[in-house]
Amino acid sequence: MNLVDSAYARAAANGFELSCEPPVGRLLATLAAALPPGARVLELGTGAGVGTAWLASGLLPRTDVSVVSVELDPATSAVAAQGEWPAFVELRVGDGLEFLAAAEGGFDLIFADAKAGKSEGLEHTLARLNPRGTIVVDDMRAVDDWPDAFKVLQDRVRRTLFDDPGLVCVELEHGTGVIIGVRRPPAG
């Protein structure tokens, strides 16, 4: 069984229902496949490891990259840790904002899929995005039965990304609704 199928199976076996949908996962794998040598990838919100699996599958068989995935909940992180991950994948338990504050250097691809670093502290996530780096946020399509408070957070994330003059963004009706932003390189 491949990384992605194993991750979906782990999520299902453990009742984890918040994994990224296959269309978003395929997008993550595609973006990861295009990364330059030595690239650094950050995922905020490991969950059961489905997004991580998509990212890693897009990178394999390369070994010149690194993927760090941060999950706040230790029990959920333990589910992800059951996977057989390539050596370039590092799973961490902790708060995404604390990780961002302590991290050294930037990232070439960031999948912001957790409250910390997406709907709270998105500016800290964007500060870690390298020039020409890509940020992906999902769950951006409004769903009727979602609470109004969540829809307000979605709008705040959308405005933050599209109003940032250092980003070029597009919103896609892909999967759960995705915004992709690319950091402009410095002028000159």
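Look up: the structure comes first, before these words.
Residues numbered from 1 in each chain as written. Predicted model: local features only at pLDDT ≥ 70, side-chain atom pairs only at ≥ 80, totals over all residues. Heavy atoms only, no water.

Visitor: Would you take a moment to explain the packing of aromatic side chains for this structure?
Guide: The geometry of an aromatic ring pair is captured by two quantities: the separation of the ring centres and the angle between the planes. Counting across every chain of the model gives 1 aromatic pair. Ring centres 6.3 Å apart and planes at 40 degrees place the aromatic pair phenylalanine 99 and phenylalanine 107 in the tilted group. For the cation-ring pair, arginine 40 lies above phenylalanine 107, with the distance from its terminal atom to the ring centre recorded as 4.3 Å. (Phe/Tyr/Trp six-rings, centres within 6.5 Å; stacked < 30°, edge-to-face > 60°. Lys NZ or Arg CZ within 6 Å of the ring centre and 35° of its normal.)

Visitor: In this structure, what is going on with the environment of arginine 26? I would like to understand it.
Guide: For arginine 26, the location among the structural elements is in helix 2 (residues 22-33). Judged by relative accessible area, which is 46%, arginine 26 ranks as partly exposed. Separated by 14 residues in the primary sequence, arginine 26 and alanine 12 have C-alpha atoms spaced 19 Å apart. (Helix = DSSP H or I, 4+ residues; strand = E, 2+ residues; numbered from the N terminus. Buried < 20%, exposed > 50% of the residue type's maximum accessible area, 1.4 Å probe, protein only.)

Visitor: When you look at the side chain of serine 119 in this model, what are you seeing that I'm missing?
Guide: Turning to its location among the elements, serine 119 is positioned in the loop between strand 4 (107-112) and helix 6 (122-127). Using a relative accessible area of 16% as the deciding quantity, one classes serine 119 as buried.

Visitor: Help me out: how do you make sense of the pairing of strand 1 (residues 40-44) in this one?
Guide: Summarising burial for strand 1: 4 of the 5 residues are buried, a large majority. Taken together, the 5 bridges between strand 1 and strand 2 (residues 66-71) define a ladder with parallel strand orientation. Bridged to valine 41 within strand 2 is valine 67. Following the backbone out of strand 1, through helix 3 (residues 50-59) and into the adjacent parallel strand 2, one traces a crossover that is right-handed. Bridge count between strand 1 and strand 4: 4 bridges; the pairing is parallel. In the sheet register, glutamate 43 faces strand 4, and the bridge partner there is phenylalanine 111. (Pairing = 2+ DSSP bridges. Right-handed = clockwise from strand over helix to strand, strands pointing away.)

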